[in-house]
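Structural characterization, general
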Amino acid sequence: MRDSLETLTESLKRNADDWASLGAIFLEHAKSDFLEEFIRRELGAAAKDSDHIVRRGVGQASFTLVNTPDFEYSIRIVGTFSRTPRMVKWLGMPQMIAVKGPHALTVRNLEVPSLCDIEQFVAGIQLSECSVRDVRQGDVVVTENRHEITDICAATGPMIAQILTYHRAAPNLVWTFTPELASLYCEQSSIAASRFRNVMRIAHAAGVVVPDDIYEMALTSHSPQVVLAAIQSMLASEHPDSFTALHRAAASGQPGLREGADAILDALFSGGR
């Protein structure tokens, strides 16, 4: 199990610039017997040792097997539940979900209005429900458009979802919608980036000069949120390299970084900082 997971991780890292290639690699992995081996191994270990701890577990029903700045591979155990109105989150990142199990999941495809910018929260925006379908053993659900949301809204019995999320395209914000599908509030998509941003703001408010080596490390981060937080701090402190860093980000091939930099430029030209 460890070897196959390491092989998968290496393959994903080699193709981290191309979501289509990542998807093809993940599909091949999902068709393999990796999941069965993982379950057999952990159940066997638990049978031999009642104190056995399943590594990479992040809850009673989910496991994060790979988590890098570029992508995350997780396994989610979905219990039986019926379709009822509930909160929905807009992540704004490409995802691929491979389904396994003897039952069915009901998946609805929701759409955010195309003119909405995930980086600019507006309350009361209404989602559209485009389609609802049942997915079963071997089916794969792909979310590629940033304005699409894939929501697992019911399960006829226990099922397993293998989920690949492309972090490289991560926006700065995640929106939460009410059960009636209206936007309610937003939050930072990255806890680490949020904390870094707060530290930068505190340093600026206290008049503390942030060392250049901190900025250098932040600007080379794979996380768009960390890079943008560093650029905003540099602008606020009138760092001589702030506009160079901003224009470099605006020309980036990373959608999340490029769009975030464009939003900062728009704010500067409109008179805000």
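What comes next concerns the included structure. Worth saying up front: this structure is predicted, and the values here are computed from it rather than measured.

This part is about a nonpolar patch on the surface. Together, Met-87, Leu-184 and Tyr-185 line one region of the surface with nonpolar side chains, adding up to about 280 Å² of accessible area. Within the secondary structure, Met-87 sits in the loop between strand S2 (71–78) and strand S3 (88–90). Among the residues examined, Met-87 registers a relative accessible area of 43% and is labelled partly exposed.

What follows deals with the packing of aromatic side chains. Applying the stated rule across the entire model yields eight aromatic pairs. Judged by centre distance (4.9 Å) and plane angle (75°), the rings of Phe-121 and Trp-175 are edge-to-face. Taken together, the positions of Phe-121 in the loop between strand S5 (105–111) and strand S6 (128–135) and Trp-175 in strand S10 (residues 173–177) put the pair 54 residues apart, joining distant regions of the chain. Given the relative accessible area of 27%, Phe-121 is considered partly exposed. Members of the aromatic cluster, each reached through a chain of ring pairs, are Phe-26, Phe-34, Phe-38, Phe-63 and Tyr-73.

A word on a negative patch on the surface. On the surface, a cluster of negative charge is made up of Asp-212, Asp-213, Glu-216 and Asp-241. Relative to the helices and strands, Asp-241 is located in the loop between helix H6 (224–236) and helix H7 (242–250).

Right, let's get into the nonpolar core. Ranked by internal contacts, the top residues of the largest apolar core, which has 23 residues, are Phe-196, Tyr-215, Ile-231, Leu-246, Ala-261 and Ile-264. Residue assignment for this core shows that the elements contributing at least two residues are helix H4 (191–205), helix H5 (212–219), H6, H7 and helix H8 (255–269). Among the elements that line this core, the one with the most residues is H6, at eight residues. Leu-12, Tyr-73, Met-96 and Tyr-166 belong to the second largest nonpolar core, which has 22 residues in total.

Attention shifts here to the pattern of salt bridges. Enumeration according to the criterion identifies seven salt bridges in this entry. Among the ionic pairs, Asp-151 bridges to Arg-108, the shortest N-O distance being 2.7 Å. In this pair, Asp-151 is assigned in strand S8 (residues 148–155) and Arg-108 in strand S5, connecting sequence segments 43 residues apart. Note on accessibility: Asp-151 and Arg-108 belong to one class, buried. Here Arg-146 ties to Glu-259 by a salt bridge, and the two come within 2.0 Å at their closest N and O atoms. Taken as a pair, Arg-146 in the loop between strand S7 (140–143) and S8 and Glu-259 in helix H8 lie far apart in primary sequence, 113 residues in all.

This next bit is on helix H3 (residues 34–48). With 15 residues, H3 extends 21 Å between its outermost C-alpha atoms, agreeing within 8% with the 21 Å of an ideal straight helix rising 1.5 Å per residue. Listing the buried residues of H3 in full gives Phe-34, Leu-35, Phe-38 and Glu-42. Down the axis of H3, the buried side of the element spans an arc of 100°, and every buried residue falls inside it. Away from its buried face, by an angle of more than 90 degrees, H3 presents the exposed residues Arg-40, Leu-43, Ala-47 and Lys-48.

Considering only enclosed or pocket space, the largest pocket measures out at about 1,000 Å³ in volume. Along the walls of the largest pocket sit 37 residues, with Glu-72, Leu-91, Met-93, Gln-95 and Thr-165 positioned nearest its centre. Where the lining of the largest pocket is concerned, the elements lending two or more residues are strand S1 (62–67), S2, S3, strand S4 (95–100), S8, strand S9 (159–166) and H6. Of the residues contributing to the lining of the largest pocket, the split by class is 15 nonpolar, 16 polar and six charged.

On to the sheet that holds S9. Taking strand neighbours across the sheet as the criterion, the five strands line up as S1-S2-S9-S4-S7 in an open arrangement whose pairing is antiparallel. Strands at the two margins of the open sheet, each flanked by one partner only, are S1 and S7. The mean angle between the axes of side-by-side strands here comes to 15°, regardless of whether they run parallel or antiparallel. Pairing of S4 with S9, which is carried by six bridges, proceeds in the antiparallel orientation. If you follow Met-96 over to S9, its bridge partner there is Leu-164.

All right, on to the packing of H7 against H8 then. Running from N to C, H7 and H8 cross one another at 130°; their axes reach a closest spacing of 7 Å. In terms of their interaxial angle, H7 and H8 are classed as oblique. Along this stretch, H7 crosses H8, giving a crossing that reads as left-handed. Contacts between H7 and H8 involve Phe-243, Leu-246, His-247, Ala-249 and Ala-250 on the former and, on the latter, Leu-257, Arg-258, Ala-261, Asp-262, Ile-264, Leu-265 and Leu-268. The residue makeup of the contact of H7 with H8, split by class, is nine nonpolar, one polar and two charged.

Here is what the cut-offs are and how they apply
- Residues numbered from 1 in each chain as written.
- Predicted model: local features only at pLDDT ≥ 70, side-chain atom pairs only at ≥ 80, totals over all residues.
- Heavy atoms only, no water.
- Patch = residues over 30% accessible without salt bridge, like charges linked within 9 Å, V, L, I, M, F, W, Y side chains within 5 Å.
- Areas by Shrake-Rupley, 256 points an atom, 1.4 Å probe, with all protein chains shown as cover.
- Salt bridge = Lys/Arg side-chain N within 4 Å of Asp/Glu carboxyl O.
- Helix = DSSP H or I, 4+ residues; strand = E, 2+ residues; numbered from the N terminus.
- Buried < 20%, exposed > 50% of the residue type's maximum accessible area, 1.4 Å probe, protein only.
- Phe/Tyr/Trp six-rings, centres within 6.5 Å; stacked < 30°, edge-to-face > 60°.
- Lys, Arg positive; Asp, Glu negative; His and termini not counted.
- Charge placed at Lys NZ, Arg CZ, Asp CG, Glu CD.
- Core = buried A, V, L, I, M, F, W, Y, C linked by side-chain atoms within 4.5 Å.
- Expected span 1.5 Å × (residues − 1).
- Arc of directions from axis to C-beta.
- 1 Å grid on protein atoms, 1.4 Å probe; cavity = no way out; pocket = protein on both sides within 12 Å on 5 of 7 lines; lining within 4 Å.
- Points joined across faces, edges and corners; volume = space filled by probe spheres on them.
- Nonpolar A, V, L, I, M, F, W, Y, C, P; charged D, E, K, R; others polar.
- Pairing = 2+ DSSP bridges.
- Axes fitted to C-alpha atoms, helices over the stretch in contact; angles between N-to-C directions.
- Parallel < 35°, antiparallel > 145°, perpendicular 65-115°, else oblique.
- Left-handed = near helix turned anticlockwise from the far one by under 90°.
- Contact = heavy atoms within 4.5 Å.

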